[in-house]
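# Commentary on secondary and tertiary structure
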Amino acid sequence: MFASLLIANRGEIARRINRSARAAGIRTIAIHSAADAELPHVTEADTAVELGGGDPTAAYLDIDAIITAAREAGAEAIHPGYGFLSEKADFARAVIDAGIAWIGPSPEAITAMGDKINARNLMAEHGVPVAPGGSDPVADAAAAILVAESVGYPVMVKAAAGGGGMGMAVAANPEELAATAERITGFATRLFGSGDLLIERYYPRVRHIEVQILGLASGEVLALGERECSVQRRHQKLVEETPSPAVDDALRARLLEASRRAGRAVGYVGAGTVEYLLDVDSGEFFFLEMNTRLQVEHPITEAVLGIDLVAAQLAIAAGDDPGVAEAAPTGHAIELRVNAEDPKRFLPGPGTITEWTEPTGEGIRVDAGYVDGNTVPRFYDSLMAKVIVHGASRAEAIAVAREAVKGFVITGPKSNLEFHAELLDNDEFVGGDYDTSIVGRMR
C-alpha cells in the first residue's frame with residue numbers, strides 16, 4: 001500500500017478520502033485555495049499545501065502546480081475525488097508520467113468515455129443498449145434537424161463533451177431544435193471547448209438508474225448493484241437510493257450484465273459508474289454515460305454492501321486484492337444532498353455558518369465538508385454535506401431520513417433541508433413510483 005496520498009480535491013469528498021486513507025495508515029496531503037484554508041479537509045490532513053493565486057478555483061485545476069506539490073510533499077499516489085480534474089485524461093497522464101500512482105482508470109478509458117458520441121458508439125458495439133439517435137457528431141442546427149427527422153421528435157440535444165447534467169435540452173419540433181442547437185453549441189464551446197452535439201430520441205417519462213462498477217487488475221469487472229437517481233433539478237441529482245424501487249430481479253440482471261460489458265469494453269480499472277435512462281412506459285433502458293470516477297452517491301452502495309469503495313480504489317491502484325465481491329444488498333439506503341441553496345428555486349445561498357449540528361443515531365451517516373464557523377464560498381459547487389441513511393427496508397430508511405433531516409441544523413447559509421423534508425412526505429416518492437420530473441411537480 002502507498003505510504004502517502006495527495007487528495008486533489010476539497011470539501012466533503014476530500015474529507016471522506018482522507019478518512020479511508022488514514023485508516024489504512026497512509027499519510028495524507030491536502031491542497032487548498034486561500035479561501036479554503038480553514039476547512040476540515042485541510043486541517044484534518046497530515047500535510048496541507050496552499051495552491052493557486054487570486055482565482056479560488058485555481059488550486060484544484062492547475063495540473064502543474066498539483067504535480068509539483070505532490071513531488072515536494074513526497075506523495076506516492078494522487079486521488080482526484082470527483083469534479084475538478086477527476087475526469088481529465090491529461091491530468092491522469094501527467095500524474096502517471098511523474099511516476100506517481102493514479103487512483104482511477106487509465107487515461108485511455110477516461111478519453112473513450114469523455115465524448116458522449118464515442119461512448120455511445122462503443123457501448124452499442126459491445127451490446128449495451130443505446131437510445132435511437134445519431135452515431136456522428138453534429139455541429140450546427142441544419143445537421144441536427146436532419147438527424148432528428150430520422151430519429152423522430154421529441155429529441156434530446158446533448159453537448160458531446162458535456163457532463164454532470166450540463167449542456168442538455170429537449171426540442172419538440174424543427175423550430176425548437178434550431179434554436180436549442182445554436183444555444184447549446186455556443187454554451188458547449190465556451191465550457192467544454194467543443195460545440196459538437198449528440199441528438200437522441202427523448203423519452204418523456206424516465207427514471208435515472210446507474211450501476212456501480214469496480215474494475216479489478218485481473219480484468220474482471222464487478223457490478224455492485226444499482227442506484228436510483230431520479231430526484232433531480234436541472235438534470236442534477238438531489239437524492240439517490242438503493243436498491244431502486246423500479247428495478248426487479250430480471251431487470252437488475254440485465255442492468256448489471258450491461259454494466260460489466262461497458263467496463264470490459266474500455267478495460268476499466270477502479271471505481272466507476274454506468275448511467276442509464278429507464279423508459280417508464282416500455283420498461284427498456286438505454287446507456288446515458290459512464291462516469292470514470294467515484295460518484296457523489298457512492299456511500300449508499302457502501303451502506304447496503306458493507307464495503308469501503310475508497311479503500312477498494314486504493315487497494316486496486318496498489319495492485320492488491322480489494323476484498324470486494326458481488327453480493328445482494330442488505331436493507332435499503334438513501335442519500336440526501338444538503339446544498340447551500342434556496343429550497344424552492346434552488347438558487348445558491350452561500351454564507352458563514354453560525355450553527356452546524358449534524359444528526360446522529362443508528363443508521364445515519366453524515367459526510368460533510370464544513371463545520372460550525374466555516375464560510376461556504378460562492379466559488380464552488382453548493383454541496384455542503386450528504387446525509388446517508390440505512391434501514392432494514394425502504395420504509396425504515398425513509399423514516400430514518402425524516403429524523404435525520406429534522407436533526408440537521410444549519411444557520412447562516414441557505415440550505416435545501418426544507419426540500420428534503422417535503423420530499424420525504426411526498427406520496428409519489430414514498431410510494432416509489434416517481435420519475436425524473438418529480439421535483440417539477442413538487443414545485
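Here, every reference points to the structure presented above.
Below, the structure is looked at part by part. (Residues numbered from 1 in each chain as written. Predicted model: local features only at pLDDT ≥ 70, side-chain atom pairs only at ≥ 80, totals over all residues. Heavy atoms only, no water.)

### Regarding helix 3 (residues 63-73)
Quick note on the threshold: Only protein chains enter the accessibility calculation, which uses a 1.4 Å probe; a residue is then buried when its area is under 20% of its type maximum, exposed when over 50%, and partly exposed in between. Think of it this way: any DSSP run of H or I at least four residues long counts as a helix, any run of E at least two long counts as a strand, and we number them from the N terminus. By definition, the arc is the one covered by directions from the helix axis to the C-beta atoms. Between two residues, a contact is recorded if the distance between any of their heavy atoms is within 4.5 Å. As used in this structure description, the phrase polar contact means that two N or O atoms lie within 3.5 Å; if the pair is within protein, one of them must be able to donate a hydrogen and the other to accept it, and residues adjacent in sequence are counted only when both atoms belong to side chains.
Residues of helix 3 that are buried: Ile66, Ile67, Ala69, Ala70 and Ala73. Buried residues along helix 3 cover an arc of 160° about the axis, so they all sit on one side. Of the exposed residues in helix 3, the ones pointing more than 90 degrees away from its buried face are Asp64, Arg71 and Glu72. Where helix 3 is buried, its residues contact strand 1 (4-7), strand 2 (27-32), strand 3 (47-50), strand 4 (77-79) and helix 4 (89-97). If you check the start of helix 3, you find a side-chain oxygen 3.3 Å away from the backbone N of Asp64, and it comes from Asp62. After helix 3 finishes, the residue Gly74 shows a positive phi value of roughly 75°.

### Considerations on the packing of aromatic side chains
Worth spelling out the cut-off: For Phe, Tyr and Trp, rings pair up if their centres lie within 6.5 Å, where Trp contributes its six-membered ring, and each pair is then called stacked (planes under 30 degrees apart), edge-to-face (over 60) or tilted (otherwise). In this scheme, the term charge over a ring applies when either NZ of a lysine or CZ of an arginine sits within 6 Å of the ring centre and within 35 degrees of the ring normal.
All told, the structure shown has eleven aromatic pairs when counted by the stated rule. Here the aromatic rings of Trp356 and Phe408 are separated by 5.2 Å at their centres, their planes lie at 90°, and the arrangement is edge-to-face. Residue Trp356 is found in strand 16 (residues 355-357), and its partner Phe408 is found in the loop between helix 12 (394-407) and strand 20 (409-411); the two are separated by 52 residues along the sequence. On the accessibility criterion, Phe408 (4% relative accessible area) is buried. Connected via pairs of aromatic rings, a cluster forms that spans Tyr60, Phe84, Phe379 and Tyr380. Positioned over the ring face of Tyr434 is Arg207, at 4.6 Å from the centre of the ring.

### So, the pattern of salt bridges
Where we set the bar: Throughout this description, the term salt bridge denotes a Lys or Arg side-chain nitrogen within 4 Å of a carboxyl oxygen of Asp or Glu.
Applying the stated criterion across every chain yields a total of 39 salt bridges. Glu302 is the salt-bridge partner of Arg365, the closest N and O atoms lying 2.9 Å from each other. Taken together, the residues span a long stretch of sequence, with Arg365 in strand 17 (residues 364-368) and Glu302 in helix 10 (residues 298-305) at a distance of 63 residues. Judged by its relative accessible area of 4%, Glu302 falls in the buried class. Notably, a salt bridge pairs Glu418 with Lys344, separated by 3.7 Å at the nearest N-O pair. Remark: Lys344 occurs in the loop between strand 14 (332-339) and strand 15 (351-352) and Glu418 occurs in helix 13 (residues 417-423); sequence separation between them is 74 residues.

### Description of the sheet that holds strand 3
Quick reminder of the rule: Note on pairing: two strands pair once DSSP finds at least 2 bridges between them. Note on definitions: angles span 0 to 180 degrees between N-to-C directions of axes, and those axes are lines fitted to C-alpha atoms, for helices only across the stretch in contact.
With parallel pairing, five strands are arranged side by side in an open sheet as 3-2-1-4-5. Edge strands, defined here as strands with exactly one partner in the open sheet, are strand 3 and strand 5 (101-102). Relative to strand 3, strand 2 is paired through four bridges, and the arrangement is parallel. Pairing of Ile31 across the sheet is with Val49, part of strand 3. The sheet contacts of helix 1 (residues 11-23) involve strand 1, strand 2 and strand 4, and relative to strand 1 the element is tilted by about 175°.

### As for the nonpolar core
Our working rule: Take the buried Ala, Val, Leu, Ile, Met, Phe, Trp, Tyr and Cys residues and link them wherever side-chain atoms come within 4.5 Å; each set so joined is a nonpolar core.
Formed by 37 residues in total, the largest nonpolar core has its most connected members in Val231, Trp356, Phe408 and Phe429. Secondary structure elements with two or more residues in this core: strand 11 (236-242), strand 14, strand 17, strand 19 (383-391), helix 12, helix 13 and helix 15 (438-442). Of the residues forming this core, the biggest block, six residues, is contributed by helix 12. For Phe429, the residues in contact, after removing those within four places along its chain, are Val231, Val239, Glu241, Arg394, Ile398, Leu423, Leu424, Tyr434 and Ile438. Counting 32 residues, the second largest nonpolar core, distinct from the first, contains Ala21, Tyr82, Val296 and Ile307.

### Digging into the sheet that holds strand 6 (residues 155-159)
Reading across from one edge, 7-6-8 is the order of the three strands in this open sheet, with antiparallel pairing throughout. Edge positions in the sheet fall to strand 7 (168-171) and strand 8 (197-201), since each of these pairs with one other strand and no more. For this sheet, the mean inter-axis angle between neighbouring strands, taken without regard to orientation, is 25°. Across five bridges, strand 6 lies against strand 8 in antiparallel orientation.

### Details of helix 12
What counts is decided by this rule: A helix is expected to span 1.5 Å for every residue after the first.
The end-to-end C-alpha distance of helix 12, which contains 14 residues, comes to 20 Å, matching closely the 20 Å that a straight helix rising 1.5 Å per residue would cover. Within helix 12, the full set of buried residues consists of Arg394, Ala397, Ile398, Val400, Ala401, Ala404 and Val405. Viewed end-on, helix 12 has its buried residues packed into an arc of 165°, placing them on one side of the element. Residues of helix 12 that are exposed and angled more than 90 degrees away from the buried face: Ala395 and Lys406. Next to the buried residues of helix 12 lie strand 11, strand 14, strand 17, strand 19, helix 13 and helix 14 (427-431).

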